[in-house]
Amino acid sequence: EPINTDEAECLRLNVWTPRCDDMRRPVMVWIHGGAFVAGTSTSPWYDGERFAVDHDVVMVSLNYRLGVLGFTYLGDVIDPELNGSGSLGIQDAAAALRWVKENIAHFGGDPNNVTIFGESAGAMSVGTLLTMPDARGLFHKAILQSGAANNVMSTNTAARHTNELMGLLGLDHVTLDALQELPIEVLIEAHQALAAAHAREGLISAPVVDGMVLDRPPLEAVEQGAANDIPLLIGTNQDEWRLFALFDPVIMATDEPGLVSTLETLLSDKAAAALATYRQRLGNVSPAVLLASAMSDS
C-alpha cells in the first residue's frame, strides 16, 4: 500500500535478491546498530547487493524509530494506555518482520526460513525480539553480534528519563497533544541533552519492559525457555572499539596516563594486572591501540 511519507518516514525497508522467482531462498533480515538513537539501514556499510548475490540469499534491512521517537515511555507519565510507547522502535522491527512473512516470497525468499541478525543495538533488538510475543513465529534463527538480550529498561527508569525530558522541553503539564505539537528538532535537541546528562550510565534509549509489548525481561524469558526452538549464533566483533575511535580524534590521541585512567575506571584494582597482560599479548603498541583492544573486550 502507498506510504504517507509525512507520517511514516522512519518506516522503510530494503530488499536485495538474486532474482524474483519461486526458488524460496533463505532470508536474512539485518537490524542496524547505533545505541537505539542513531544509524540507518541506508548506510553504504549495509548495502546488501553483493551479500545476496554471493550467498544466494534474500537480504532485507529495516529502519525503525530511534531515540525520542522510538523509546520515550509515556505510560506512567501521561496515560497507562500509552505503555507501549517506550518500545515503538522494537514494534517497528516486528512490523517489518510481518511484512517479510507476508511478502518475501514475491522476491524469491522463503518466509519459513528467516534469520534476523544485528550488531550492537541491532543485536540488542534481536535479543529482545527473541521472546517478544508479537514477534513469535516471524523468524526462525537469530544472530547477535556485540549485543545481547539484557539491554532493556524498567518502567521506573524509563518514566524518570521521560519526566526529565519533559523538564528539558519546558512542559509543566504533559499531554500527548503538547508533545505532538513540538517540532521534531526541539524533541531531538532535548533528548540529546538528556543523553549528555546521563552519558556515563549507558543507554538512554532502550525497549521498556512495560507489561504490554514486553511482558517480562527478555533475558529472563530466554532463561525460562521461551526461545529454545530458535538456533542462535552469538559473538562479538574483534575490534569493536576501533569504530568509535575512527570518529573521535581524542581517542586516537590517548596517551599512557589516559590509558591507565580508563583501565582503572573499567577494572579498578585489576587495572595494573590487565595492562601487563595486554602489553604481553600485544607487544609494543601505542596506548590508543591497547585501549581499543581493552574497550573491545569490555
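What you see is a predicted model, and the numbers here were worked out from it, not measured in a lab. (Residues numbered from 1 in each chain as written. Predicted model: local features only at pLDDT ≥ 70, side-chain atom pairs only at ≥ 80, totals over all residues. Heavy atoms only, no water.)

1. Considerations on the overall build of the chain
Now for step 1: When helices and strands are tallied, the chain shows 14 helices and six strands.
Now for step 2: Against the globule reference of 19 Å for 298 residues, the chain gives a C-alpha radius of gyration of 21 Å, in line with a compact fold.
Now for step 3: With the principal axes as the frame, the chain shows a C-alpha extent of 60 × 55 × 40 Å.
Now for step 4: For the chain, the residues scored as buried account for 43% of the 298 residues in total.
Now for step 5: For the chain, long-range pairs separated by at least 24 residues make up 74% of all intrachain contacts whose partners lie at least 6 apart in sequence.
Now for step 6: Summed over its atoms, the accessible surface of the chain is roughly 15800 Å², and 52% of this surface lies on carbon and sulfur atoms.
Now for step 7: Charge separation in the chain, taken as the distance between the mean sites of 17 positive and 38 negative side-chain charges, equals 10 Å. (Helix = DSSP H or I, 4+ residues; strand = E, 2+ residues; numbered from the N terminus. Rg over C-alpha atoms; globule rule 2.2 N^0.38 Å. Buried < 20%, exposed > 50% of the residue type's maximum accessible area, 1.4 Å probe, protein only. Contact = heavy atoms within 4.5 Å. Areas by Shrake-Rupley, 256 points an atom, 1.4 Å probe, with all protein chains shown as cover. Lys, Arg positive; Asp, Glu negative; His and termini not counted. Charge placed at Lys NZ, Arg CZ, Asp CG, Glu CD.)

2. Overview of a nonpolar patch on the surface
Now for step 1: A contiguous nonpolar patch, built from W45, L243, F244, L246 and F247 and spanning about 590 Å² of accessible area, is present on the exposed surface.
Now for step 2: By the element assignment, L243 lies in helix α10 (residues 240-246).
Now for step 3: When its relative accessible area of 33% is taken as the criterion, L243 is described as partly exposed. (Patch = residues over 30% accessible without salt bridge, like charges linked within 9 Å, V, L, I, M, F, W, Y side chains within 5 Å. Salt bridge = Lys/Arg side-chain N within 4 Å of Asp/Glu carboxyl O.)

3. Some thoughts on the sheet that holds strand β4 (residues 109-119)
Now for step 1: On the basis of which strands lie adjacent, the open sheet formed by six strands has the order β1-β3-β2-β4-β5-β6 and mixed pairing. Two strands close off the open sheet at either side, each with one partner strand: β1 (13-16) and β6 (232-235). Going from strand to strand, the sheet's axes swing by 15° on average, the running direction of each strand aside.
Now for step 2: As defined by bridge partners, strand β5 (residues 141-145) adjoins β6 across four bridges and the pair is classed as parallel. By the bridge assignment, I143 is partnered in β6 with L233. (Pairing = 2+ DSSP bridges. Axes fitted to C-alpha atoms, helices over the stretch in contact; angles between N-to-C directions.)

4. Structural notes on the environment of G67
Now for step 1: Relative to the helices and strands, G67 is located in helix α3 (residues 67-70).
Now for step 2: Relative accessible area serves as the criterion here: at 4%, G67 is assigned to the buried category.
Now for step 3: A C-alpha to C-alpha distance of 20 Å links G67 and S146, two positions 79 residues apart in sequence.
Now for step 4: Not counting the four nearest positions on each side in its chain, G67 is found in contact with F36, V37, T72, H191 and S205.

5. Considerations on the packing of helix α13 (residues 271-282) against helix α14 (residues 287-297)
Now for step 1: The interhelical angle for the contact between α13 and α14, taken along N-to-C directions, is 115°, at an axis separation of 11 Å. Considering the angle they form, α13 stands roughly perpendicular to α14. Helix-helix and strand crossings are classified by hand; for α13 and α14 the assignment is right-handed. Within the contact between the two elements, α13 uses L275, Y278, R279, R281 and L282 and α14 uses L290, S293, A294 and D297. (Parallel < 35°, antiparallel > 145°, perpendicular 65-115°, else oblique. Left-handed = near helix turned anticlockwise from the far one by under 90°.)

6. Considerations on the nonpolar core
Now for step 1: With 55 residues, the main nonpolar core has V29, L129 and F139 as its most contacted residues.
Now for step 2: The element contributing the most residues to this core is helix α4 (residues 88-103), with six residues.
Now for step 3: Core analysis: the second largest hydrophobic core is formed by 11 residues, I251, Y278, L290 and A294 among them. (Core = buried A, V, L, I, M, F, W, Y, C linked by side-chain atoms within 4.5 Å.)

7. Considering the pattern of salt bridges
Now for step 1: Taken as a whole and assessed by the stated rule, the structure comprises nine salt bridges.
Now for step 2: Across the salt bridge formed by R25 and D21, the nearest N and O atoms sit 2.7 Å from each other.
Now for step 3: Overall, R25 belongs to the buried group, its relative accessible area being 6%.
Now for step 4: The network of salt bridges with shared partners includes D21, R25 and D56.

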